[in-house]
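A closer look at the structure
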Amino acid sequence: MGAALRIAAKDLKLRVRDRSAFILGILAPLVLAYIFYLVFGPAATGQGLNLEYGLVDEDRSQISSAFASILEDAEDDDVLVLEMFADRGAADSALEGGEIDAYFLLPSGLDQAVRSNQSGTIEIVGDVDSPTSTQIAASFAEQFSSGVRASQLAVATTATVAGARVDPEFIASLSQDPAAAGMTYALADRTATTKQLDASTYFAAGMAVFFLFFTVQFGVTGLLEEDRDGTLARLMAAPIPRVSVVAGKAILAFLLGIISMTVLVVATTLLMDASWGAPLGVALLVVAGVLAAVGIMGLVASVAKTPEGAGNVGSIIAVVLGMLGGTFFPVAASGGLLASLTYLTPHAWFMLGLAELSSDAPWTAALPAVGAILVLAVSTGLLSYTLLRRRMAR
Amino acid sequence: MKRFGDLTAVDGVSLTIAQGETFGLLGPNGAGKTTTISMICGLLAPDQGSVTVTGQEISTKSTKGRSEIGLVPQDLAIYPDLTGEENLRFFGHLYGMTGGALDSRVDEVLDVIGLADRRDDQTKEYSGGMKRRLNIGIGLLHEPQLLVLDEPTVGVDPQSRNAILESVESLSREGMAVLYTTHYMEEAERLCDRVAIIDEGVVQAQGTRRELVSMVGEKDRVAMSASGNLVEAAQALRGIEGVTDASASDHRIDVLATDASSILPQLLATVTSSGGSITGVEVEEPNLEAVFLHLTGKALRD
């Protein structure tokens, strides 16, 4: 073990001096995570938009109250911030002052129009600089109005068959029920597969685990570099067990992975306000993820002939696993074959484990994901160890 | 014996090296020298046969006896981003050296290889010759009983080459057994007490230079510039034991002998006593190149 640690310490010194591990292990994932967060964060998750809406209720009816209550429920769920305005002028002032992104205008006569089967309009007035927020506001209104129309149509059909008139009270009662109105924004009662990380944590974790495989590669391909540079012969001629050389490289890979992930967890928490979850659960996920990366990249090193070849193949594998594992976009949510294949990657389990830890879940919530990652780590690790030993015995 | 697939890289190599002896393994590129020393150092497992150093069998599966061997690989086996001292310390640790013993030995070796003043520089800043010297220094850091040098002067400038050869001579004088592989005949002749000539994985012959030369019937040639009665002198020279032929021409006598240097005084005295006057002498001993050519039918650098 002493010799393995000596070799790992020597390699760590070399990696620190050439700075490549720092760039790929810390700088690149940190910068990319931040860029992705800025560019795609709100759009990817629907969060972090800070939707600030106004509502002008000129109708003051059952229908308009029903719509207002839907928006208030959304506010309670932290989906948006709602401000009531007495009239259009006040709302316009707030919009021009940048206090709100858009406002809903419920014109007088809306209720009457709905009750008499005539068309009513919910007007959306948005800030030209906040097109996404305005679009989302329109979507709220469309969902509400389509729910009301569906209810009217159903009742109207029944009424025609019965030869009776539509009961306006019945329409009003339906429109007061958000579920009947077709609003499906509610985020409560999420299942494990639909739990989502917030944007900053998603991209921080995604980039961290994606680049982890490149970082770990520095360690395991070191064996091939020693062979290329002639120093492997000297190591193997020394009075140390051959397994020490392999173990030294594995220890370095593990150390680089742990250092990289730890720095990224801390840095993204401080700089991007990422919320990783219970520290013990995160630590277990990180250790398991690093072990899996060592195992998989060790497998690449055990079959590659040159460090350059290992680098190329390793990069391809890291990118494919990263994409499939949902580090750039949530593959699991796409359904179909991809959603199943994603769980062949440690990346997907890592992200799933973090999702389980979200919403203040205890560290034990990550254990199933940790177990799955460890299965991948042990199976690939044992295989790569066997192949490397056979290779060194030649 | 060592085979790689259908290729027999080394076959029937049997060598014994005594303490304080410098043994040369002379052969062209691809002759099997590196394979042989890889087996000696425990890097490769022989398909047949064994290697013993100071009574301990060397194996790829065991670390036993490894610390008795110092390997200087043909390619530079140093870390360019470590300093000279860090390189030495790292390998010293692997050989179990620690504390004050390691400190003082590192200082000693840096002095021996002439890098004491560059000890804190990363080796990527070193010249080619300095790297070669450090490569050797690492091999002898742990004071092995057997130092194995695999073509240590390949690609080295003449000045550094001479420094390396002097180091090997010095180590041999200090009692270290040295196994030196080369395809440079001059180096083998200068350094080695005994030489094995290897070609196509087979040792063609081994012994001292003199033994190898006599084995193939090559003679020393002595050319004397002289005046006087040279015909009579040549006739007298033919009577000396060890002289196989002597001939006279204008102002010159050519003598063939088995060991010219040992009978040279007798040759000079005989010419003088026969009425000749000597103005110059050249002794040409047959070299290992000629022996190699005789044994294999090809030149060393083929």
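Residues numbered from 1 in each chain as written. Chains lettered and ligands numbered in written order. Predicted model: local features only at pLDDT ≥ 70, side-chain atom pairs only at ≥ 80, totals over all residues.

This part covers the overall build of chain B. A count of helical and extended segments in chain B gives 10 helices and 14 strands. Overall, chain B is about 75 × 50 × 35 Å in size when its C-alpha atoms are taken along their principal axes. Sorting the 302 residues of chain B into buried and exposed places 44% on the buried side. Residue pairs at least 24 apart in sequence account for 68% of intrachain contacts in chain B once pairs closer than 6 positions are excluded. (Helix = DSSP H or I, 4+ residues; strand = E, 2+ residues; numbered from the N terminus. Buried ≥ 20, exposed ≤ 12 C-beta atoms within 10 Å, placed from the backbone. Contact = placed C-beta atoms within 7 Å.)

One face of the sheet, then the other: side chains in a regular strand alternate in exactly this way. Residue and element names in this part refer to chain B. Taking every second residue as pointing to the same face, the buried face of strand β13 (residues 252–257) carries I253, V255 and A257, while none of R252, D254 and L256 on the other face is buried. Taken together, the six bridges between strand β11 (residues 220–228) and β13 define a ladder with antiparallel strand orientation. Along β13, the bridge assignment pairs M224 with I253. Pairing of strand β12 (residues 243–249) with β13, which is carried by six bridges, proceeds in the antiparallel orientation. Following the sheet pairing, A246 is matched in β13 by V255. Where β12 hands over to β13, the hairpin turn is made up of two residues, of which H251 adopts a positive phi near 55°. (Pairing = 2+ DSSP bridges.)

Residue and element names in this part refer to chain A. If you trace the four strands from one edge of the open sheet to the other, you get β2-β1-β3-β4, paired in mixed fashion. Bordering the open sheet on either side are β2 (81–85) and β4 (123–126), each of which pairs with just one other strand. Strand-to-strand twist across the sheet, computed as the mean angle between neighbouring axes with direction ignored, equals 25°. Judged from the five bridges that link them, strand β1 (residues 52–57) and β2 form a sheet pairing that is parallel. (Axes fitted to C-alpha atoms, helices over the stretch in contact; angles between N-to-C directions.)

By a widely used convention, the size of an interface equals the accessible area lost when the partners come together. Of the residues lining the interface, 17 residues belong to chain A; the matching set on chain B comes to 22 residues. Sorting the residues of the side of chain A that touches chain B by element identifies α1 (2–18) and α10 (231–237) of chain A as the ones contributing at least two each. In the side of chain A that touches chain B, the residues fall into 10 nonpolar, two polar and five charged. (Nonpolar A, V, L, I, M, F, W, Y, C, P; charged D, E, K, R; others polar.)

Residues and elements named next belong to chain B. As summarised here, the arrangement of the six strands in space is β6-β7-β8-β3-β9-β10, forming an open sheet in which the pairing is mixed. Looking along the sheet, the strands with just one partner apiece sit at the ends: β6 (69–72) and β10 (202–207). On average, each strand axis in the sheet is inclined to that of its neighbour by 15°, with strand direction left out of account. Sheet topology places strand β3 (residues 22–26) next to strand β9 (residues 194–199); four bridges connect them, and they run parallel. Residue pairing across strands places L25 opposite A196, the latter belonging to β9.

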